[in-house]
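A structural walkthrough
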Amino acid sequence: CMADNNSPTSFSRFIALLVFSLAVMTGLAAGVSVSFDQPSITVMPGEVITVNLTLDAAPAGISGFAIGISVEDPSIGEITDVTLPGWAELSDTAGVPGPDVSIIAVDLQGTVEKDASGILLATVSVKGLSSGTTEILLQEPLFDDDDGNDLVPALSGVSLTVSANGAPPQSTTTITTNTTTSPPT
């Protein structure tokens, strides 16, 4: 008896295999992510705080990377310094100080090896300029592993709040009610 290759089961298996293959080829199956070590930071105007930018895992090591960091509202804050780790021997940063920074780093000595985790990519100094809240976003990531494959990490930025008294600004809620009365019947 010949197998029926047109059955819904065969088609479902084909689609599942196709989706899995595409995920592996684009690096999505690895599930790697790049993020700051804090989801939010609060400073006063003129104050500088540092946050670490990390890659959570490098299943096949990392040979190098490039990434952009952008302060969504440059009137609220700016990036004042970027310090790269010792493994990033060949590196460049552009746009510092400012709201849009790019980082390029290469691991010439193979320091970040297969199955590394919690890899420090950069320590970023952020200065509060004026009161408000904005996002610091990660953009255009390019990551290569030691096997020459691209990694496509998920990106997580950080929320920056600048407050004159060091505490998050209080939100103000105005409640408006309308009352109507009907004459008695």
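Coordinates for the structure precede this section.
What comes next concerns the included structure. (Residues numbered from 1 in each chain as written. Predicted model: local features only at pLDDT ≥ 70, side-chain atom pairs only at ≥ 80, totals over all residues. Heavy atoms only, no water.)

1. What to know about the pairing of strand β6 (residues 90–94)
Of the strand pairs in this sheet, β6 and strand β7 (residues 100–106) are connected by 5 bridges, and their pairing is antiparallel. Looking at the pairing, Asp92 lines up with Ile104 of β7. Counting the residues that bridge the hairpin from β6 to β7 gives 5 residues, and of these Gly95 lies at a positive phi of roughly 95°. (Pairing = 2+ DSSP bridges. Helix = DSSP H or I, 4+ residues; strand = E, 2+ residues; numbered from the N terminus.)

2. A look at the sheet that holds strand β8 (residues 116–128)
One open sheet accounts for 5 strands, arranged β5-β8-β3-β1-β11; its pairing is mixed. Two strands lie at the open edges of the sheet, namely β5 (77–83) and β11 (154–156), each paired on one side alone. With direction set aside, neighbouring strand axes in the sheet form an average angle of 20°. Pairing geometry for strand β3 (residues 48–58) and β8, over 10 bridges, is antiparallel. (Axes fitted to C-alpha atoms, helices over the stretch in contact; angles between N-to-C directions.)

3. Concerning the side chain of Thr161
Mapping Thr161 onto the fold places it in strand β12 (residues 158–162). Within polar-contact distance, the side chain of Thr161 engages the side chain of Thr133 at 3.3 Å. (Polar contact = N/O pair within 3.5 Å; in protein donor to acceptor, adjacent residues only side chain to side chain.)

4. Looking at the side chain of Asp145
Relative to the assigned elements, Asp145 resides in the loop between β9 (132–144) and β10 (150–151). Buried and unpaired, Asp145 has Lys114 as its nearest opposite-charge partner, separated by 11 Å. Apart from residues lying up to four places away in sequence, Asp145 is in contact with Ala60, Gly61, Ile62 and Ser63. (Buried < 20%, exposed > 50% of the residue type's maximum accessible area, 1.4 Å probe, protein only. Lys, Arg positive; Asp, Glu negative; His and termini not counted. Salt bridge = Lys/Arg side-chain N within 4 Å of Asp/Glu carboxyl O. Contact = heavy atoms within 4.5 Å.)

5. Focus on the packing of aromatic side chains
Throughout the structure, instances matching the rule amount to 2 aromatic pairs. Ring centres 6.1 Å apart and planes at 55° place the aromatic pair Phe65 and Trp87 in the tilted group. On the criterion of sequence distance, the pair formed by Phe65 in strand β4 (residues 64–71) and Trp87 in the loop between β5 and β6 is long-range, its members being 22 residues apart. What makes Phe65 buried here is its relative accessible area of 3%. Classification of Trp87 as buried rests on a relative accessible area of 9%. Ring geometry for Phe65 against Phe143: centres 5.2 Å apart, planes inclined by 15°, an arrangement best described as stacked. You can see Phe65 sitting in strand β4 and its partner Phe143 sitting in strand β9, a full 78 residues away along the chain. You'll find Phe65 and Phe143 in the same group, each marked buried. An aromatic cluster is built from Phe65, Trp87 and Phe143, whose rings are joined through pairwise contacts. (Phe/Tyr/Trp six-rings, centres within 6.5 Å; stacked < 30°, edge-to-face > 60°.)

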